Amino acid sequence: MNSFKYLALAAVAAICLLAAAPKVPAQVSINIGAAPECPYGYYDYAPYACAPYGYYGPEWFSGGVFIGAGPWFHGAAHFSGHVDNHFDARQGYKGPMPQRGEKPEPNKRPEKMSNFHGNETRDGRGHTK
């Protein structure tokens, strides 16, 4: 009977200690680094390769600067912009692809594309609308 008392007392003490422990909220932090430096923007899916000229429509650029896509998106909360997915590598595009750090060609200014014909609307966060 004595051992039962000690076992019950130990169980009550353990329960009291667990109940008195402070609850700490979990925090998850993901550091994805700097956005890729691409002359005409980058795809909104990993590995975030540079997109070719013609993939993004002019609404994706502000003052000649790409507003971002994926984790680096800097557009409005309800933004939607046109893309031409014929220039998407996942759709079979095999044409010229710019490299990170390249500068845009002077005659290819994405924000001034008057003949852009997008066939898909995206939100900058990887979703098709």
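Everything below is about the structure shown above.
Here the structure is a predicted model, which is why all the values come from computation and not from measurement.

### Focus: the state of the cysteines
Applying the stated criterion to the full structure yields 1 disulfide. A disulfide bridge connects Cys38 with Cys50, and the sulfur atoms are separated by 2.0 Å. Judged by the sign of its S-S torsion, about -75°, the bond between Cys38 and Cys50 is left-handed. Separated by 12 residues along the polypeptide, Cys38 in the loop between helix 1 (2–20) and strand 1 (61–62) and Cys50 in the loop between helix 1 and strand 1 bring together distant segments of the chain. Summarising the burial analysis for this pair, Cys38 and Cys50 share the class buried.

### Focus on the packing of aromatic side chains
Taken as a whole and judged by the stated rule, the model has 14 aromatic pairs. Aromatic side chains Trp60 and Phe66 sit 6.3 Å apart centroid to centroid with 20° between the ring planes, which places their arrangement in the stacked category. Across this residue pair, the class does not change: Trp60 and Phe66 are buried. On the basis of an interplanar angle of 75° and a centroid distance of 4.8 Å, the ring pair of Trp60 and Phe79 is categorised as edge-to-face. Here the residue Trp60 occupies a position in the loop between helix 1 and strand 1, and Phe79 occupies one in the loop between strand 2 (65–66) and strand 3 (81–83), the gap between them amounting to 19 residues. Phe79 gets classed as buried once you look at its relative accessible area, which sits at 13%. Grouping aromatic residues by their ring pairs yields a cluster made of Tyr42, Tyr43, Tyr45, Tyr48, Tyr55, Tyr56, Trp60, Phe61, Phe66, Trp72, Phe73 and Phe79. Over the face of the ring belonging to Tyr45 we find Arg90, whose NZ or CZ atom lies 3.5 Å from the ring centre.

About the thresholds
Residues numbered from 1 in each chain as written. Predicted model: local features only at pLDDT ≥ 70, side-chain atom pairs only at ≥ 80, totals over all residues. Heavy atoms only, no water. Disulfide = S-S within 2.5 Å. Helix = DSSP H or I, 4+ residues; strand = E, 2+ residues; numbered from the N terminus. Buried < 20%, exposed > 50% of the residue type's maximum accessible area, 1.4 Å probe, protein only. Phe/Tyr/Trp six-rings, centres within 6.5 Å; stacked < 30°, edge-to-face > 60°. Lys NZ or Arg CZ within 6 Å of the ring centre and 35° of its normal.

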